[in-house]
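# Structure at a glance
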Amino acid sequence: MKKYLTVTFLLLSLNAFAGTLPTTKADYCSRFQDTSVLSTYSTETSNLMSFKNQGGLFNGGVCWWHSRFQRNILYLSIFRPELNKPTASEVRALIKEIRAGESVVMIPGFANFAEFSTTYSKEILAELESWQLYDGVILGSWIDGLKGDTKVRSEELQKMMATTFKYVEVNKKIAYQKLQIKGITSHAWLIVGMIPGPNGFEIGLIDSNNPRMSENYSYKIGDVSFHEKSYGNFVPYLEFTREEERLISAGKSFCGVKGVNDSDPKDWAQGYEQDLAEAKSHLN
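Described in the following lines is the structure provided in the data block. Just so we're clear, the structure is a prediction, and the values are computed from it rather than from any experiment.

This part takes up the overall build of the chain. Of the regular secondary structure elements, the chain holds nine helices and nine strands. Summarising the internal contacts of the chain: among those between residues at least 6 apart in sequence, 71% fall at separations of at least 24. When the accessible surface of the chain is totalled, it reaches about 13000 Å², and 54% of it is carbon and sulfur.

Quick look at the structure:
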């Protein structure tokens, strides 16, 4: 069951206080000393996209790209409200830079992402639609979301949830999951926190269909699928993990932090193609 949460998002014990996205380099780089701070950003409404999933091919939405754009913001943005707002051409360049996810992006003239995405909702949506076309037409991925199982063996789903828990709570990452829904539909959300219990997990998430607040889903051991009233039965697949590694590496490079598992920029294009191929394999 999926439930909407209020600001008392302590269920996931992310932090007693929500964190706002950084406004200085020092603030940004502090995340590499306290890796738990990343997940707290999801509990602050001002850090979240101001408009929900919409538009896209055949007016079917841009949920995959909406979620990934949101994750890019959480990982790679610094807001500089004391600076002048960007010009029209600068806005387009900024939005493309956010989409690329290859560097930390300084966003001038705005205190937070909610303000920025409200002001430039049309420009951001246009970029999300362009991104969808690139993945679909150039790399041939989106249409593979039109098929796939909506139930799996309970043991398999339990293993998938254990993997996601390690990814989110042990490795301190924000997980992108594609949701395979019945018929010709697929969706996506971000997992920002998980709490284990005797019978399963409480899962904190950001759904692009309701992006202005965090939500909670209760997974029970023995389930063969997730279920939500408006989606029906569906299976969540952890995807675009190499993309997340790129985001982390870009942030570390900006801060001068070295790590043995950092991805190499020369491998980023190949990693993107591998992410798309992996997404396709989940739907065969």
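Before going further, it helps to spend a moment on unusual backbone geometry. If you check the backbone angles, lysine 172 has positive phi at about 60° while not being a glycine. Within the secondary structure, lysine 172 is located in the loop between α7 (154–170) and β4 (175–181). Even without a glycine there, the phi angle at phenylalanine 240 is positive, about 50°. In this structure phenylalanine 240 comes out as buried when scored by relative accessible area, which is 1%.

Tallied over the entire structure, the rule returns one disulfide. Between the sulfur of cysteine 29 and that of cysteine 255 lies a disulfide, 2.0 Å long from S to S. Between cysteine 29 and cysteine 255, the disulfide has an S-S torsion of -90° and is therefore left-handed. Here cysteine 29, found in helix α1 (residues 25–29), pairs with cysteine 255, found in helix α8 (residues 241–255); they are 226 residues apart in sequence, far enough to count as distant. By the burial criterion, cysteine 29 is buried, and cysteine 255 matches it.

Right, let's get into the packing of α8 against helix α9 (residues 268–281). The geometry of α8 relative to α9 is characterised by a closest axis approach of 8 Å and an angle of 150° between their N-to-C directions. As summarised for this structure, α8 and α9 are arranged roughly antiparallel, according to the angle between their axes. Across the interface between the two elements, Thr241, Arg242, Glu243, Arg246, Ser249 and Ala250 of α8 pack against Trp268, Gly271, Tyr272, Gln274, Asp275 and Glu278 of α9. Within the contact of α8 with α9, the residues separate by chemical class into three nonpolar, four polar and five charged.

Quick look at the side chain of lysine 173 now. Residue position: lysine 173 is located in the loop between α7 and β4. At a separation of 2.8 Å, a polar atom in the side chain of lysine 173 contacts the side chain of glutamate 244. Once residues within four sequence positions are removed from consideration, lysine 173 is found in contact with Tyr75, Tyr167, Val168, Ile191 and Glu244.

The rules we used
- Residues numbered from 1 in each chain as written.
- Predicted model: local features only at pLDDT ≥ 70, side-chain atom pairs only at ≥ 80, totals over all residues.
- Heavy atoms only, no water.
- Helix = DSSP H or I, 4+ residues; strand = E, 2+ residues; numbered from the N terminus.
- Contact = heavy atoms within 4.5 Å.
- Areas by Shrake-Rupley, 256 points an atom, 1.4 Å probe, with all protein chains shown as cover.
- Buried < 20%, exposed > 50% of the residue type's maximum accessible area, 1.4 Å probe, protein only.
- Disulfide = S-S within 2.5 Å.
- Axes fitted to C-alpha atoms, helices over the stretch in contact; angles between N-to-C directions.
- Parallel < 35°, antiparallel > 145°, perpendicular 65-115°, else oblique.
- Nonpolar A, V, L, I, M, F, W, Y, C, P; charged D, E, K, R; others polar.
- Polar contact = N/O pair within 3.5 Å; in protein donor to acceptor, adjacent residues only side chain to side chain.

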